[in-house]
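Take a look at the letters that make up each chain.
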Amino acid sequence: MALQLIELSNDVEYLDIDVSRVPYTFSVKLSDKTYILTVKYNEIGDFFTLDLLDTNNDVLAFGEIIRYGRPLFNVVEDERFPIPVIIPLCLSSDDIAEVTKENLGKEVRLYLYERKVS
């Protein structure tokens, strides 16, 4: 299945993550719905996670591990989930295979891809 990058306002096609602020929470509008994302870092496991909530603070996903090249929030989906597919990737190098403190928000970004609706 080929995915196509989508664009938000101002030609933004990824969610901007600031590792220096972790843990932190921000809201983002995706496909006319606003979501609340919380970025956290697990020191013991050495990985980042995302929590996804709707604007009523209902938890849609908790502790989703940000894995390189794997779509986020893909295990359980319903009409409350963001329409775009969010995938952590580096588009400028083939040498990156995992998400780290050094590359998240820099080389590795959370890119938004158009979801094909059946």
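Novice: Quick one: what's the story with the nonpolar core, residue by residue and with numbers?
Specialist: Ranked by size, the top nonpolar core spans 29 residues in total, and within it Phe 48, Phe 73, Leu 104 and Leu 110 carry the most contacts. Broken down by secondary-structure element, the contributors of at least two residues to this core are β2 (24-30), β3 (33-42), β4 (47-54), β5 (59-65) and β7 (109-113). Among all residues touching Leu 104, those that are not within four sequence positions of it are Ile 17, Val 19, Phe 48, Ile 66, Val 99 and Leu 110. In this structure, Val 85, Leu 89, Tyr 111 and Tyr 113 belong to the second largest nonpolar core, which totals 5 residues.

Novice: Kindly report on the pairing of β7, identifying the contributing residues and their values.
Specialist: For β7, a buried count of 4 out of 5 residues is recorded, marking the element as mostly surrounded by other parts of the structure. With 2 bridges joining them, strand β1 (residues 14-15) and β7 adopt antiparallel strand pairing. The residue of β7 that forms the bridge with Tyr 14 is Tyr 111.

Novice: How would you summarise the confidence of the model for the protein chain if you had to cite specific residues and measurements?
Specialist: For the protein chain, mean pLDDT is 85; residues scoring 70 or higher make up 84% of the total. Averaged pLDDT values over the elements of the protein chain bottom out at 91 in strand β6 (residues 85-89) and peak at 95 in β4. Below pLDDT 50 for its whole length, residues 1-12 participates in 23 contacts with residues either more than four positions away or in separate chains.

Novice: Now, about the sheet that holds β1: what can you tell me, with residues and values included?
Specialist: Taken in spatial order, the 3 strands make up an open sheet running β1-β7-β6, and their pairing is antiparallel. The sheet terminates laterally at β1 and β6, the two strands that pair on one side only. Note: β6 against β7, 5 bridges, orientation antiparallel. Bridge pairing links Pro 88 to Leu 110 in β7.

Novice: Any chance you could break down the pairing of β2 for me, citing the residues and the numbers?
Specialist: Two faces, one strand: in a regular strand the side chains alternate between the faces of the sheet. Only one face of β2 is covered, namely the face carrying Tyr 24, Phe 26, Val 28 and Leu 30; the face carrying Thr 25, Ser 27 and Lys 29 is uncovered. As defined by bridge partners, β2 adjoins β3 across 7 bridges and the pair is classed as antiparallel. Within β3, the residue paired with Thr 25 across the bridge is Thr 38. Following β2, the chain reverses through 2 residues before pairing antiparallel with β3; Ser 31 in that reversal takes a positive phi of roughly 50 degrees.

Novice: Could you give an account of a negative patch on the surface, with specific residues and numbers?
Specialist: The grouping of Glu 43, Asp 46, Glu 98 and Glu 102 at the surface amounts to a negative patch. Checked against the element boundaries, Glu 43 lands in the loop between β3 and β4. For Glu 43, a relative accessible area of 60% corresponds to the exposed category.

Rules of the game
Residues numbered from 1 in each chain as written. Predicted model: local features only at pLDDT ≥ 70, side-chain atom pairs only at ≥ 80, totals over all residues. Heavy atoms only, no water. Core = buried A, V, L, I, M, F, W, Y, C linked by side-chain atoms within 4.5 Å. Buried < 20%, exposed > 50% of the residue type's maximum accessible area, 1.4 Å probe, protein only. Helix = DSSP H or I, 4+ residues; strand = E, 2+ residues; numbered from the N terminus. Contact = heavy atoms within 4.5 Å. Pairing = 2+ DSSP bridges. pLDDT = per-residue confidence, 0-100. Patch = residues over 30% accessible without salt bridge, like charges linked within 9 Å, V, L, I, M, F, W, Y side chains within 5 Å. Areas by Shrake-Rupley, 256 points an atom, 1.4 Å probe, with all protein chains shown as cover. Salt bridge = Lys/Arg side-chain N within 4 Å of Asp/Glu carboxyl O. Lys, Arg positive; Asp, Glu negative; His and termini not counted. Charge placed at Lys NZ, Arg CZ, Asp CG, Glu CD.

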